[in-house]
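Here are the chains, one letter per residue:
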Amino acid sequence: MSDSSPADTAAPVLDVWCELQCPDCRSALDDLRALRARYGDRLELRLRHFPLEKHRHAFAAAQAAEEALMQGQGWPYVEAVLGRVEELDRKGEPFLVEVARELGLDAEEFDTALIDGRHILVVDADQAEGTAIGVTGTPTYVIGGERLDGGKSQEGLRERIEEIADRLLAGTGSE
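Residues numbered from 1 in each chain as written. Predicted model: local features only at pLDDT ≥ 70, side-chain atom pairs only at ≥ 80, totals over all residues. Heavy atoms only, no water.

## Considering the sheet that holds strand β1 (residues 13–18)
Line of reasoning, step 1. Spatial strand order, β2-β1-β3-β4: four strands in an open sheet with mixed pairing. Strands with a single pairing partner mark the edges of an open sheet, and in this sheet they are β2 (44–49) and β4 (146–149). For this sheet, the mean angle separating the axes of adjacent strands, direction not counted, is 20°.
Line of reasoning, step 2. As defined by bridge partners, strand β3 (residues 140–143) adjoins β4 across four bridges and the pair is classed as antiparallel. Its bridge partner being in β4, Ile 143 is matched across the sheet by Glu 146. (Pairing = 2+ DSSP bridges. Helix = DSSP H or I, 4+ residues; strand = E, 2+ residues; numbered from the N terminus. Axes fitted to C-alpha atoms, helices over the stretch in contact; angles between N-to-C directions.)

## Some thoughts on the packing of aromatic side chains
Line of reasoning, step 1. Tallying each qualifying case throughout the model produces one aromatic pair.
Line of reasoning, step 2. Between the aromatic rings of Tyr 77 and Phe 110, the centroid separation amounts to 5.2 Å while the plane-to-plane angle is 35°, which identifies the pairing as tilted. Of this pair, Tyr 77 sits in helix α4 (residues 74–82) while Phe 110 sits in helix α7 (residues 107–116), placing them 33 residues apart in sequence. The residues Tyr 77 and Phe 110 share a single accessibility class, namely buried.
Line of reasoning, step 3. The positively charged end of Arg 36 is found above the aromatic ring belonging to Trp 75, 5.3 Å away from the centroid. (Phe/Tyr/Trp six-rings, centres within 6.5 Å; stacked < 30°, edge-to-face > 60°. Buried < 20%, exposed > 50% of the residue type's maximum accessible area, 1.4 Å probe, protein only. Lys NZ or Arg CZ within 6 Å of the ring centre and 35° of its normal.)

## A closer look at the nonpolar core
Line of reasoning, step 1. Ranked by size, the top nonpolar core spans 43 residues in total, and within it Leu 14, Tyr 77, Leu 96 and Tyr 141 carry the most contacts.
Line of reasoning, step 2. Ranked by residue count, the leading element in this core is helix α2 (residues 23–39), at six residues.
Line of reasoning, step 3. If sequence neighbours within four positions are ignored, Tyr 141 has contacts with Leu 14, Asp 15, Val 16, Ala 28, Leu 32, Glu 146, Arg 147, Leu 148, Gln 154, Leu 157 and Ile 161. (Core = buried A, V, L, I, M, F, W, Y, C linked by side-chain atoms within 4.5 Å. Contact = heavy atoms within 4.5 Å.)

## Overview of the pairing of β2
Line of reasoning, step 1. Where β1 and β2 come together, six bridges link them in parallel fashion. Bridge assignment links Val 16 to a residue of β2, and that residue is Leu 47.
Line of reasoning, step 2. You can see the chain leave β1, run along α2 and come back into β2, and the turn it takes is right-handed. (Right-handed = clockwise from strand over helix to strand, strands pointing away.)

## Some details on the environment of Ala 64
Line of reasoning, step 1. With respect to the secondary-structure elements, Ala 64 resides in helix α3 (residues 58–70).
Line of reasoning, step 2. Since its relative accessible area comes to 1%, Ala 64 is described here as buried.
Line of reasoning, step 3. For the pair formed by Ala 64 and Gly 117, sequence separation is 53 residues and the distance between their alpha carbons is 9.8 Å.

Encoded structure:
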């Protein structure tokens, strides 16, 4: 048991405002993988949903990602869907269930979750919070109170995230 408070030992959080039908979010996957490899558990990557109106399957995909999280495969599912954005464009919701099946998840539960809307409130809450803090496109990152917009250009964003994460980790003694 530790004497330190949770605030002293908690990993810094990188909120990743994303939508699963977004080609720019797919491009950001390499940066997210590199950040996970560099920091491991010392940096918490948290998927936040920001479905864009221009992508008609994005809201359903966000709900499906929440179901994957409930089934213990959140990031693998997100990566699988983002890696095949064109198929999501063409096939829609059946594709979301297909990916779940390919990953060995309970595909029938995915289908039911998309019908009953059990994850709508989580997606709506993320979108509302994103709007409130000024997210207008995806991917957008928030770390250490700083918002970094990757929707226009992702150039230099990983380096900036690393600078902030290193500073935050140095402040907690976790680096």
